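# Fold and geometry: a report
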Amino acid sequence: MRRSAPTALMACALAACQPPVGNGADEGAANEAQAAANAMTANESDNAVEPQRSILRPEVIDQPEAPKIEPVDVVIGFGQSSMVLDDAAKAALDTLLATPALKEGGAITLHGHSDSRGSDGDNKVASRIRAEKVRDYLVEKGVAKDRITLVALGEARPIAPNAKEDGSDDPEGRAKNRRVEVDVALPTVVVPPPVEPKPAEKP
């Protein structure tokens, strides 16, 4: 709100209080009073247009919260090429590499799986080879090898039937079971123990 109206009234009051101009001294005093009133009016005008400033310190103003990082679970399929990463598998791994959880440096566990065709020993070996393929791709893309743990589960944990209800082979089900499950955990935050104050030395 402009406050020029009271200033203008004050200027008029000052002018009214001056004695009638009768000589040079009186005229000079009147001019001085008018100049003072003009200066006050100009000062009020300058203050009125000055922008308002916040009295809050920068550290008091609320800062936006950092995005919350969540652990990631991804399934890499080996359905079409049982021992080779195909284009779809590489694309899924590239997407995984861009996630905040993986960039933060958490532990990575690769669970290798297989279908039920062959002996249990052979299937465990095949599941480990698949996990190694995924590990090698991640390492090639810059992930530290010591972050990665391999677990070969073989045919122990299928996610689809390896055979149909009549006992015949189920190729689609077996293809789904040939996979590597990638689990990316959140990084461990190490909190230093509190520092106990030293006892004051006696004088």
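Data block above holds the structure.
Described below are features of the structure shown in this document. (Residues numbered from 1 in each chain as written. Predicted model: local features only at pLDDT ≥ 70, side-chain atom pairs only at ≥ 80, totals over all residues. Heavy atoms only, no water.)

The residue D115 is located in the loop between β2 (108–112) and α5 (120–140) in this model. Within the local environment of D115, its side chain forms a polar contact with the backbone nitrogen of R117, the two atoms lying 3.2 Å apart. A polar contact of 2.8 Å, which involves the side chain of D115, links it to the side chain of R178. D115 has contacts with N123, E155, N162, R174, N177 and R178, leaving out every residue within four places of it along the chain. (Helix = DSSP H or I, 4+ residues; strand = E, 2+ residues; numbered from the N terminus. Polar contact = N/O pair within 3.5 Å; in protein donor to acceptor, adjacent residues only side chain to side chain. Contact = heavy atoms within 4.5 Å.)

A few words on the nonpolar core. The biggest cluster of nonpolar side chains holds 23 residues, and the ones touching the most others in it are I76, I108, L110, V134 and V182. The set of elements that each furnish at least two residues to this core consists of β1 (72–77), α3 (87–97), α4 (100–103), β2, α5, β3 (148–152) and β4 (179–184). Leave out the neighbours within four places in its chain, and L110 touches A131, V134, R135, I148, T149, L150, V151, V180, E181 and V182. (Core = buried A, V, L, I, M, F, W, Y, C linked by side-chain atoms within 4.5 Å. Buried < 20%, exposed > 50% of the residue type's maximum accessible area, 1.4 Å probe, protein only.)

The next subject is the packing of α3 against α5. Their axes nearest at 11 Å, the elements α3 and α5 cross at an angle of 50 degrees. With respect to α5, the axis of α3 lies oblique. Note that α3 runs across α5; the crossing there is right-handed. Across the interface between the two elements, K90, L93, D94 and L97 of α3 pack against V134, Y137 and L138 of α5. Tallied by class, residues from the contact of α3 with α5 come to five nonpolar, no polar and two charged. (Axes fitted to C-alpha atoms, helices over the stretch in contact; angles between N-to-C directions. Parallel < 35°, antiparallel > 145°, perpendicular 65-115°, else oblique. Left-handed = near helix turned anticlockwise from the far one by under 90°. Nonpolar A, V, L, I, M, F, W, Y, C, P; charged D, E, K, R; others polar.)

Remember that side chains alternate between the two faces of the sheet whenever the strand is regular. Across the five residues that make up β2, a large majority, four, are buried. Pairing analysis gives five bridges linking β2 to β3, with the strands arranged parallel. Bridge assignment links L110 to a residue of β3, and that residue is L150. (Pairing = 2+ DSSP bridges.)

Our next topic: the pairing of β1. Every second residue of β1 is oriented toward a common face, the buried set being V72, V74 and I76 and the non-buried set D73, V75 and G77. In the sheet, β1 pairs with β4 via six bridges, with the strands oriented antiparallel. Each residue of the ladder has a partner; that of D73, found in β4, is D183.

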